[in-house]
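# Remarks on the overall topology
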Amino acid sequence: MDITRLVARRSTCLRRQVGAVMVKEKNILATGYNGTPSGITHCAESGCLREQLKVPSGERHELCRGLHAEQNAIIQAARHGINIAGSTLFCTNSPCIICTKMLINAGIRKVVYLEGYADQLSMDMLDESGIEVCAFADISNEESGGL
């Protein structure tokens, strides 16, 4: 999880810095952090649309210039031809519903998160999909692969 926290520090989001690391057999496959797409003006320069519109956390995800950390990790793996099916996602926050649907279809087998996120539908769908989900505080260092 220390690596995940480090990845989150690269975030360009003004509201929340999130990091994601995909791991399989103790090997890091891909990382991601939340922020605007490559080549697009960062919110620090353009302003945060969600703040301007007073959008509460966990709602109206489409009203944002950025991508979530999980999305960027999936995209990074795809760009480099890395199969993430069967991997574990370590993330500083539990995934939103949009990321959850992507994680399910990507074949992620486990999600380990540091902090919760206001999205009950996401947790319900993760449960229904059979993906194992646990808070980082609930697992031992050995189980986490030392990450």
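Residues numbered from 1 in each chain as written. Predicted model: local features only at pLDDT ≥ 70, side-chain atom pairs only at ≥ 80, totals over all residues. Heavy atoms only, no water.

## Comments concerning the overall build of the chain
For the record, the criterion: For the purposes of this entry, the term helix denotes a DSSP run of H or I that reaches at least four residues, the term strand denotes a run of E that reaches at least two, and both are numbered from the N terminus. The globule rule is 2.2 Å times the number of residues to the power 0.38, and the radius of gyration it is compared with is taken over C-alpha atoms. The cut-offs for exposure are 20% and 50% of the maximum accessible area for each residue type, with area from a 1.4 Å probe on protein chains only; residues under the lower value are buried, those over the upper are exposed, and the others partly exposed.
If you tally the helices and strands in the chain, you get six helices and five strands. Secondary structure elements in the chain, listed N-terminal to C-terminal, are α-β-β-α-α-α-β-α-β-α-β. Taking 147 residues into account, the globule formula puts the C-alpha radius of gyration at 15 Å, and the chain, at 15 Å, falls close to it. Along the first, second and third principal axes, the C-alpha set of the chain runs to 40 × 30 × 25 Å. Taking all 147 residues of the chain together, 41% fall into the buried category.

## Observations regarding the side chain of T88
Inclusion rule: As used in this structure description, the phrase polar contact means that two N or O atoms lie within 3.5 Å; if the pair is within protein, one of them must be able to donate a hydrogen and the other to accept it, and residues adjacent in sequence are counted only when both atoms belong to side chains.
Within the element layout of this structure, T88 appears in strand 3 (residues 88-93). Classification of T88 by relative accessible area gives buried; the value is 7%. One polar contact links T88 to R109, side chain to side chain, over a distance of 3.4 Å.

## Thoughts on the environment of C43
Here C43 is to be found in helix 2 (residues 43-46). For the pair C43 and C64, spaced 21 residues apart in the sequence, the C-alpha separation amounts to 9.4 Å.

## Points about the sheet that holds strand 4 (residues 110-115)
Stated precisely, the cut-off is as follows: Should DSSP find at least two bridges between two strands, the strands are regarded as paired. The convention used is that axes are lines fitted to C-alpha atoms, helices contributing only their stretch in contact, and that angles between N-to-C directions extend from 0 to 180 degrees.
One open sheet accounts for five strands, arranged 2-1-3-4-5; its pairing is mixed. Two strands lie at the open edges of the sheet, namely strand 2 (27-33) and strand 5 (132-135), each paired on one side alone. Taking each pair of neighbouring strands and ignoring which way they run, the sheet shows an average axis angle of 20 degrees. Pairing geometry for strand 1 (residues 19-24) and strand 2, over six bridges, is antiparallel. The residue bridging V21 from the neighbouring strand is T31, located in strand 2.

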